[in-house]
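# Structural features, examined
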Amino acid sequence: MKNILITGASGQLGQAFKSIATQYPDFAFLFTDREELDITQADAVNAYFEQHQVDALINCAAYTAVDKAESEEELAFKLNFEAVLYLAQASFAHKATFIQLSTDYVFDGKHYRPYTENDEPNPSSMYGASKLRGEAAAQGENPDAIILRTSWLYSEFGQNFAKRMKELMAERTELNIVFDQTGTPTYAVDLAGVTLKMLGHKFEYPEAQLAGVYHYSNEGVTSWYDFAVAIKQLTGSSCELLPITTDQYPTPAERPAYSVFNKNKIKETLGIAIPYWTDSLKVCLSKL
Ligand SMILES: NC(=O)C1=CN([C@@H]2O[C@H](COP(=O)(O)OP(=O)(O)OC[C@H]3O[C@@H](n4cnc5c(N)ncnc54)[C@H](OP(=O)(O)O)[C@@H]3O)[C@@H](O)[C@H]2O)C=CC1
Ligand SMILES: Cc1cn([C@H]2C[C@H](O)[C@@H](COP(=O)(O)OP(=O)(O)O[C@H]3O[C@@H](C)C(=O)[C@@H](O)[C@H]3O)O2)c(=O)[nH]c1=O
């Protein structure tokens, strides 16, 4: 039996892990929320590792308010960088496998082909910059760290674009949605499953070198507008959706125009096929 510590467990991804936990009888999950383990407190992090046998840590805690991060830079870096430093140090000291979640927003979005793990990040937002510092902290303090970058996360849990769209479509007769930001939605439950597959692989083949960065999203390519159209069609909403450009929807944070991932590395490493984004969206909407 392996003990898996999940931090930020009341967030969207944390809840996705909770929803599939019983499918992994070889894993004993230690779900902690901010009250139980505040990851910005180095002493609390160290004490937790002293008091519990932790075989792996999946850090689901983060500052994810992309626009607010532009005016709350200090808070964003405290959570997405400093706290990651503490987690990386503690996991390394206690020989626990460390998986740190990161984001497509580490890229500036100027590409026209999917981003590989070797492409140079260049974040255009404070959120992206804080997550990139977190990646460096994780790898700097724990050379065995696994960085799992994902994009456009949604699910039946927490706050996300898909849930927001469904609610707004029920309230309004029309909605303006940007169509010139291209990426791929990722169902958080799919991501949780693949993360646990990665851990299973690590435990089964301890000599396997898994450290490093991996890209994971669902398959396919779309825009926020097309994402919303798919939600409209699948929910039978009559709300009119109007495609607009990014400059018609000004926001404090700049988002990448293109952030599609190349996922060959994770597919080859784990021997997996990834669900197409609309197939996973159907699964999610059936639960909402
Ligand atoms: N959401 C998305 O679209 C994407 C997310 N990611 C990454 O995936 C990961 C998971 O994201 P997601 O689940 O959506 O994020 P959420 O914002 O839903 O969850 C983050 C969780 O972190 C908790 N938290 C905040 N501060 C602390 C603290 N000091 N100590 C412990 N926990 C704390 C929050 O608790 P509280 O509610 O109490 O504040 C919340 O439960 C993050 O690393 C994120 O950067 C990557 C790409 C896309
Ligand atoms: C609500 C809404 C948003 N938009 C636009 C704004 C923005 O460009 C785009 C996405 O909106 P949101 O602000 O909901 O999504 P955003 O918070 O930018 O989502 C990001 O979150 C972080 C945590 C990540 O790591 C990213 O991968 C990504 O998922 O849609 C519209 O055009 N119309 C709308 O009615």
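Further up the page is the structure itself.
Remember, it's a predicted structure, so these values are computed and weren't measured experimentally.

Parameters at a glance
Residues numbered from 1 in each chain as written. Chains lettered and ligands numbered in written order. Predicted model: local features only at pLDDT ≥ 70, side-chain atom pairs only at ≥ 80, totals over all residues. Core = buried A, V, L, I, M, F, W, Y, C linked by C-beta atoms within 7 Å. Buried ≥ 20, exposed ≤ 12 C-beta atoms within 10 Å, placed from the backbone. Contact = placed C-beta atoms within 7 Å. Near = placed C-beta within 6 Å. Helix = DSSP H or I, 4+ residues; strand = E, 2+ residues; numbered from the N terminus. Nonpolar A, V, L, I, M, F, W, Y, C, P; charged D, E, K, R; others polar. Pairing = 2+ DSSP bridges. Axes fitted to C-alpha atoms, helices over the stretch in contact; angles between N-to-C directions. Parallel < 35°, antiparallel > 145°, perpendicular 65-115°, else oblique. Left-handed = near helix turned anticlockwise from the far one by under 90°.

### What about the nonpolar core?
L13, L87, F98 and A188 are the most contacted members of the largest nonpolar core, which has 81 residues in total. Among residues more than four places away in sequence, those in contact with F98 are L57, L87, A88, S91, A138, N142, D144, A145 and I146.

### Section: the site of ligand 1
Close to ligand 1 lie 24 residues, the nearest being G8, G11, A61, A62 and L153. Of all the secondary structure elements, the ones that give two or more residues to the shell around ligand 1 are α1 (12–20) and β4 (97–103). The leading source of residues in the shell around ligand 1 is α1, at 3 residues. Residue classes in the shell around ligand 1 are distributed as 9 nonpolar, 12 polar and 3 charged.

### Overview of the sheet that holds strand β5 (residues 146–150)
On the basis of which strands lie adjacent, the open sheet formed by 6 strands has the order β2-β1-β3-β4-β5-β10 and parallel pairing. On the outer flanks of this sheet lie β2 (27–31) and β10 (212–215), each paired with one strand and no other. For this sheet, the mean angle separating the axes of adjacent strands, direction not counted, is 20°. The pairing of β5 with β10 spans 4 bridges and is parallel. Residue pairing in the sheet places I146 in a bridge with G212 of β10. Running at roughly 150° to β4, helix α6 (residues 188–204) makes contact with β1 (2–7), β2, β3 (56–59), β4 and β5 of the sheet.

### Observations concerning the packing of helix α2 (residues 42–51) against helix α3 (residues 73–93)
Put simply, α2 and α3 touch, their axes get as near as 10 Å, and they point 25° apart. Regarding the angle of α2 to α3, the classification is roughly parallel. α3 is crossed by α2, and the crossing has right-handed handedness. Across from A42, V45, N46 and F49 in α2, the residues of α3 making contact are Y86, L87 and A90.

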